[in-house]
Amino acid sequence: MGLTIKEIIKLVDHLEMKLVAGEAGIDNEITWTHMVDSDTISAFLQGKELVFTTGIGLNKELSLIELVKDVYRDGASGIVINIGPYVENIGQEVLDFADEKGFPVFEVPWHVHMAEIMRIICYEITRQQQNVIEISAALNNAFLCPVQEDLYVPTLMKKGYMPDGSYSVVMLDVSAIEGDIAQDRQETLVSQLSGHIRFSYKRILVCTQDKYIYLVMNNYSVEEERQILNEIFFKICSWLRKYESVVMTAGSNNIKLNNIHKSYEQSVKMNKLAISGTISGEIINDNSKLLFYTDIGVYRILLSLKDKDAMEEYVRGTVYPLLEYDKIHGTDLSGELQCYIRHDCSLQDTADELMVHRNTINYKINKAADILNMDLTRLSNRFEVSMGFLVNKMLDI
C-alpha cells in the first residue's frame, strides 16, 4: 500500500516539485523512493518507486533519455529530475517519451533539497501503511465479531469514527474472465482506490478481506452516498483492464457501528445475487455492475430469511416440479415462464425477447401450467410462482 502520484503532488506542493510531463500517470502507485544516477543502480529497482536523480552519473554512454527509459523499464512509477549543474534542462525527447508512456516526470530546482522531499514521501507512506493495518483489523472485527466491541470501537474512535454515527458497507468484487485477479493486481487497485478516496472524499474507509475490497461510508445521506458510489464505480471501471470486471454492492445505509455487520452481510449476499444473474435496479457498465440495497425490491425481504428449511419447503410447494422437469428433460420452461411473468403475461413481448413465435410461447406456458398444476391466469398463482423462483435463487446463493 503506497501513495499515488496525485497525492504526492499535493503533499510536497510547497517544495517546488513541478510535473512537466506524463500527466496521464498521476494515478500510479508509489511504494517507496529511490535515488538513481546510473543504469547500474536502476537495475536494483523493485517496481513502483518514485525515482530521484541529480544527473551526476550522466555521460556520453548514458544520456538523460536513456536513464528515464531504464527506470521506466525497471518498473518505476515516475522520476524527479534535479535541475542544476548536471542537468540544465529536460529535453523534448524526454517529455515526449513521458507523455507517450504516461510516465510522470518532475523537475526540482537545485536549491531545493531532494532528501527532504524523499523524507516527507517515505514518512507518509509508512504512516498510511500503519493506518491501513489498524483500520483493516478493526473493520474485519466489526464485520465478523460484532459483539466484541473492544476489538474495533476504540481503534475507530481514535480515527474519528464514533459509535453513534451512521454507517454502510460496500463490497467490491474484481475478477477476470479466467477467475480471480492476481494478488499484486488487487493490491494495485486497492492502492489506486485508496488514493482516489483520500484525495477526493472524506469519511470513507477502505479495507480488504481475502479477495474482496470493502468501503465503509460514514455519515452520508442516501443521496450523497448514491452519488459518490456512482462516481467511484465508474472511476474503478476506467482502471480495469480488458477482460476484468467489478461487481459493487452497497448494503443498507444509516447503520450504527455496533450493527455494521448487518450492512456487511447484505453487501455479501447482494454480490452473490448480482453474480447469479440480472437483478432489477442494477447499474451496468460493460460487464461491471453496481447495486444498491434500496433498489433490489422484494430481495430486501428475502435477504433477511434465515430458515433454510422453510425456504426449501416453499420451493417444493411452488416451482420445484418445473425445475425438476427442466433438469430431467434439458428444457428451460422455468426461464420462459419467468420471462412471461416479467412481461405481464404478454405472449408477444415474451416471444420477441426470446426470438420465437408466440404460438411456441403459448404452448410452453400451457405446458408449465400443467406441470405445476396451476391456473397461471390467476394473479395469486403467478405471484406464488414468482416468489418460488426468487426463493430458489436465494437458496442457490
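First things first, this report covers the structure right here in the doc. (Residues numbered from 1 in each chain as written. Predicted model: local features only at pLDDT ≥ 70, side-chain atom pairs only at ≥ 80, totals over all residues. Heavy atoms only, no water.)

Once that is clear, we can look at empty space enclosed by the protein. For the coordinates displayed, the defined rule picks out two cavities of 30 Å³ or more. Volume-wise, the largest cavity comes out at about 90 Å³. Residue lining of the largest cavity: Val222, Glu225, Arg226, Gly251, Ser252, Asn253, Phe292, Tyr293 and Thr294, and that is the complete set. Ranked by the residues each element gives to the lining of the largest cavity, the list is headed by helix H8 (residues 222-239), at three residues. Of the residues contributing to the lining of the largest cavity, the split by class is three nonpolar, four polar and two charged. The volume enclosed by the second largest cavity comes to roughly 40 Å³. (1 Å grid on protein atoms, 1.4 Å probe; cavity = no way out; pocket = protein on both sides within 12 Å on 5 of 7 lines; lining within 4 Å. Points joined across faces, edges and corners; volume = space filled by probe spheres on them. Helix = DSSP H or I, 4+ residues; strand = E, 2+ residues; numbered from the N terminus. Nonpolar A, V, L, I, M, F, W, Y, C, P; charged D, E, K, R; others polar.)

This next bit is on the pairing of strand S11 (residues 212-218). Most of S11 sits inside the fold, with six of its seven residues counted as buried. Summarising the sheet, strand S10 (residues 204-209) and S11 pair through six bridges and their orientation is antiparallel. Its bridge partner lying in S11, Leu205 is registered against Val216. Taking the residues between adjacent antiparallel strands as the criterion, S10 and S11 are bridged by two residues, where Asp210 takes a positive phi near 55°. (Buried < 20%, exposed > 50% of the residue type's maximum accessible area, 1.4 Å probe, protein only. Pairing = 2+ DSSP bridges.)

Turning next to the packing of helix H11 (residues 308-316) against helix H16 (residues 379-396). Between two packed helices, the angle of one axis relative to the other and the distance separating the axes together describe the packing. Direction vectors running N to C along H11 and H16 enclose 135°, while the axes themselves pass 9 Å from each other. Considered as vectors, H11 and H16 are oriented oblique to each other. By crossing handedness, the relation of H11 to H16 is classed as left-handed. Of the residues in H16, those touching H11 at Lys308, Met311, Glu312, Tyr314 and Val315 are Glu384, Met387, Gly388, Val391, Asn392, Met394 and Leu395. (Axes fitted to C-alpha atoms, helices over the stretch in contact; angles between N-to-C directions. Parallel < 35°, antiparallel > 145°, perpendicular 65-115°, else oblique. Left-handed = near helix turned anticlockwise from the far one by under 90°. Contact = heavy atoms within 4.5 Å.)

Our focus in this paragraph is the side chain of Glu244. You can see Glu244 is positioned in strand S12 (residues 244-250). Reaching out from Glu244, the side chain makes a polar contact with the backbone nitrogen of Arg241 at a distance of 2.9 Å. (Polar contact = N/O pair within 3.5 Å; in protein donor to acceptor, adjacent residues only side chain to side chain.)

Taken by themselves, the reported measurements are silent on function.
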